[in-house]
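# Structure at a glance
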Amino acid sequence: EGRMAEPEEIVAYIDEHFFREKTFAGKKVLVTAGPTYEAIDPVRFIGNHSSGKMGWAIAEEFYMHGAEVTIISGPSSSKTKYKGIQILRVKCADEMFTECEKAFASTDICIMAAAVADYKPATVATQKIKKQDANLELSLVKTKDILKHLGTLKKQPQFLAGFALETNNEKENALKKLQSKNADIIILNSLQDESAGFGKDTNKVTIFDRQGNEFNYPAKSKKLVAKDIVELITQKINDKA
């Protein structure tokens with residue numbers, strides 16, 4: 001009041017209220033994004049370099065196609081300009097598992113773009129671990145496999161998509177993940193490509209589906225990659241109908 005909103009806010013408001021498509025009107029979409037931080041002690045953690053940019057771009061793209069979107073994000077500076085997207089912030093893999101499990105039953109489309117830690121410390125120190133002369137050894141245990149768990153809960157016509165970030169045997173590992181997690185598609189990122197990887201504004205993906213198809217896309221901005229992903233999911237859902 002008494003001051004004009006920032007131009008970016010005005011444009012986002014206009015987009016949100018007048019230019020949303022109706023492709024997914026009435027559909028609920030769940031997207032995960034960012035890393036998870038697994039505590040070692042009150043000040044240290046095991047984490048990764050995920051920025052969350054890809055997941056947030058996918059959430060915005062679905063929202064602008066008319067969906068009711070919830071994003072569950074690990075620690076990330078990424079944010080959205082659209083006020084209609086519901087945001088749930090979590091820190092660790094266990095918290096993300098709990099929120100995904102709660103939301104999945106009422107979800108029509110789920111995109112698991114978060115880089116969830118595979119392991120966490122077996123015990124978390126209650127006080128900061130002091131530096132000593134001896135080496136420090138950490139015992140790690142597996143975290144819960146969120147994508148696999150949701151795959152066991154999936155019912156028709158729910159659509160489940162996962163991400164695979166690989167450094168070797170990329171296609172083989174992505175196809176193995178597609179089958180073992182009961183996903184409908186797997187979106188492969190390669191760390192071998194300079195345009196893909198953590199923290200970048202661009203990405204290059206290959207998408208595999210359960211029918212044996214392989215969809216290759218050139219490197220482009222994550223916003224445009226999100227458009228490709230949403231368009232392919234739209235096509236797959238229409239083929240099912």
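Every chain is numbered on its own, with residues counted from 1 as its sequence reads. Under the rules for a predicted model, residues below a pLDDT of 70 receive no local features and side-chain atom pairs below 80 are neither given nor counted, while totals for whole chains, interfaces and linings still include all residues. The side-chain quantities take in all heavy atoms of the structure and omit both hydrogens and water.

### A look at the side chain of Q158
Defined as follows: Strands are runs of DSSP state E lasting at least two residues, helices are runs of H or I lasting at least four, and both sets are numbered from the N terminus onward. Any pair of nitrogen or oxygen atoms within 3.5 Å is treated as a polar contact; in protein, a donor-acceptor pairing is required on top of that, and neighbouring residues in sequence qualify only through side-chain atoms on both sides. Contacts: residue pairs with any heavy atoms within 4.5 Å of one another.
Among the structural elements, Q158 can be located in the loop between α4 (146–153) and β9 (159–166). Within the structure, the side chain of Q158 is placed 2.9 Å from the backbone oxygen of F104, a separation counted as a polar contact. If sequence neighbours within four positions are ignored, Q158 has contacts with F104, A105, T107, D108, L153, D184 and K240.

### Some thoughts on the layout of surface pockets
As a reminder of what qualifies: In this analysis the probe radius is 1.4 Å and the grid spacing 1 Å, with only protein atoms considered; a cavity is a set of points the probe fits into but cannot get out of, a pocket is an open set with protein on both sides within 12 Å along at least five of seven lines, and lining residues have an atom within 4 Å of a point. Grid points are joined across faces, edges and corners, and a volume is the space filled by probe spheres set on the points. Only Asp, Glu, Lys and Arg are considered charged, only Ala, Val, Leu, Ile, Met, Phe, Trp, Tyr, Cys and Pro nonpolar, and every remaining residue, Gly among them, polar.
Estimated volume of the largest pocket: approximately 970 Å³. Tallying contributions element by element places β9 first for the lining of the largest pocket, with 5 residues. Across the lining of the largest pocket, the residue classes break down as 15 nonpolar, 14 polar and 9 charged.

### Structural notes on the environment of F163
Spelled out, the test is: Partly exposed describes any residue whose relative accessible area lies between the buried limit of under 20% and the exposed limit of over 50%, with all areas from a 1.4 Å probe on protein chains only and scaled to the type maximum.
Mapped onto the secondary structure, F163 falls in strand β9. When its relative accessible area of 9% is taken as the criterion, F163 is described as buried. F163 sits 154 residues away from E9 along the chain, and the two C-alpha atoms are 31 Å apart. The contact partners of F163, leaving out residues within four places of it in the chain, are M54, I58, I111, M112, A113, K177, I187, N189 and I229.

### A closer look at helix α3 (residues 93–104)
To keep it simple, the criterion reads: A helix is expected to reach a length of 1.5 Å times the quantity of its residues less one. It is the directions from the helix axis to the C-beta atoms whose arc is reported.
Helix length check: α3, at 12 residues, gives a terminal C-alpha distance of 16 Å against a target of 16 Å (1.5 Å per residue), a fit within 8%. Every buried residue of α3 is listed here: A93, M96, F97, C100, A103 and F104. Viewed along the axis of α3, the buried residues span an arc of 145°, placing them on a single side of the element.

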